[in-house]
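Listed below are the residues making up each chain.
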Amino acid sequence: MIKWKEEFSVNIREIDEQHKRLFEIGSKIYEIIELNDNCDHYDDIMEVLNELTDYTVFHFEFEENLMRNYGCEELESQQFEHMFFIKKLKKLTDKDIDKQQTETESDIIKFIIEWISGHILKSDMKYKQFFNEKGLK
Ligand SMILES: [Fe+2]
Ligand SMILES: [Fe+2]
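Residues numbered from 1 in each chain as written. Chains lettered and ligands numbered in written order. Predicted model: local features only at pLDDT ≥ 70, side-chain atom pairs only at ≥ 80, totals over all residues. Heavy atoms only, no water.

A. Just the nonpolar core, in detail. Ranked by size, the top nonpolar core spans 29 residues in total, and within it Phe23, Ile29, Leu49, Phe85, Ile109, Ile112 and Ile116 carry the most contacts. The element contributing the most residues to this core is helix 2 (residues 42-70), with 8 residues. Excluding residues that lie within four positions of it along the chain, Ile29 makes contacts with Ile45, Val48, Leu49 and Ile109. Formed by 10 residues, the second largest nonpolar core is a distinct cluster that contains Leu75, Tyr127, Phe131 and Leu136. (Core = buried A, V, L, I, M, F, W, Y, C linked by side-chain atoms within 4.5 Å. Buried < 20%, exposed > 50% of the residue type's maximum accessible area, 1.4 Å probe, protein only. Helix = DSSP H or I, 4+ residues; strand = E, 2+ residues; numbered from the N terminus. Contact = heavy atoms within 4.5 Å.)

B. Molecular detail of the coordination of the iron ion (ligand 2). The iron ion (ligand 2) binds to the protein through Glu63 (OE), Gln78 (OE1), His82 (NE2), His119 (NE2) and Asp124 (OD), with metal-donor distances spanning 2.2 to 2.4 Å. On the primary sequence, the residues serving as donors to the iron ion (ligand 2) are separated as E-x14-Q-x3-H-x36-H-x4-D. For the pair the iron ion (ligand 2) and the iron ion (ligand 1), the metal-to-metal distance amounts to 3.4 Å, and Glu63 bridges them. One end of the pair, His82, is in helix 3 (residues 75-94); the other, His119, is in helix 4 (residues 102-133), with 37 residues separating them in the sequence. (Donors = N, O, S within 2.8 Å, 3.2 Å for Na, K, Ca; no water.)

C. Summary view of helix 3. Its 20 residues give helix 3 an end-to-end C-alpha distance of 28 Å, which sits within 8% of 28 Å, the value for a rise of 1.5 Å per residue. Turning to helix 3, its buried residues are Leu75, Gln78, His82, Phe85, Ile86, Leu89, Leu92 and Thr93. The buried residues of helix 3 occupy one face: seen down the axis, they fall within an arc of 115°. Turned more than 90 degrees away from the buried face of helix 3, the exposed residues are Glu76, Phe80, Lys87, Lys91 and Asp94. (Expected span 1.5 Å × (residues − 1). Arc of directions from axis to C-beta.)

D. The arrangement of the packing of helix 2 against helix 3 in detail. Taken N-terminus to C-terminus, the directions of helix 2 and helix 3 make an angle of 170°; their axes are 10 Å apart at the nearest point. With respect to their mutual orientation, helix 2 and helix 3 come out roughly antiparallel. Two packed elements cross with a definite hand, and for helix 2 against helix 3 that hand is left-handed. Side by side, helix 2 and helix 3 meet where Met46, Leu49, Asn50, Leu52, Thr53, Thr56, Val57, Phe60, Glu63, Glu64, Met67 and Arg68 of the first sit next to Leu75, Gln78, Gln79, His82, Phe85, Ile86, Leu89, Lys90, Leu92 and Thr93 of the second. Per-class residue counts for the contact of helix 2 with helix 3 are 11 nonpolar, 7 polar and 4 charged. (Axes fitted to C-alpha atoms, helices over the stretch in contact; angles between N-to-C directions. Parallel < 35°, antiparallel > 145°, perpendicular 65-115°, else oblique. Left-handed = near helix turned anticlockwise from the far one by under 90°. Nonpolar A, V, L, I, M, F, W, Y, C, P; charged D, E, K, R; others polar.)

E. Focus on the packing of helix 1 (residues 13-33) against helix 2. Close contact between helix 1 and helix 2 brings their axes to 10 Å; oriented N to C, the two are set at 165°. When the interaxial angle is binned, helix 1 and helix 2 end up roughly antiparallel. As for the relative orientation of helix 1 and helix 2, their crossing is left-handed in sense. Broken down by class, the residue content of the contact of helix 1 with helix 2 amounts to 14 nonpolar, 5 polar and 6 charged.

The structure is reproduced here in structure tokens:
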């Protein structure tokens, strides 16, 4: 399981809070998968995936609006990456996950957590200094 760590901080309180929330929702999927009780958790997982998709859309819009308002030149590449991830999440929630295969579910959650972590560390970090210099906290 992965948790938000200090190295994920962009020094902007609101955005750090939103990133923490993304990890929290992601962890909920882990918890369901790790139950290992031979029950079918397909619906539960889909529910959390939908929650994650909604919150991700909200977070990405928040970041993009901030970048637009401050004229941050990272906007375009952020929009591109954000769009890719939303499309991927929507595909996952559209498509049936094979109910018998926890491996598939683990693959999905692994992909999600790795994508979010990688995006924060590689891409969101690029606007950190820009916003910090603008005095955003
Ligand atoms: Fe972000
Ligand atoms: Fe982002």
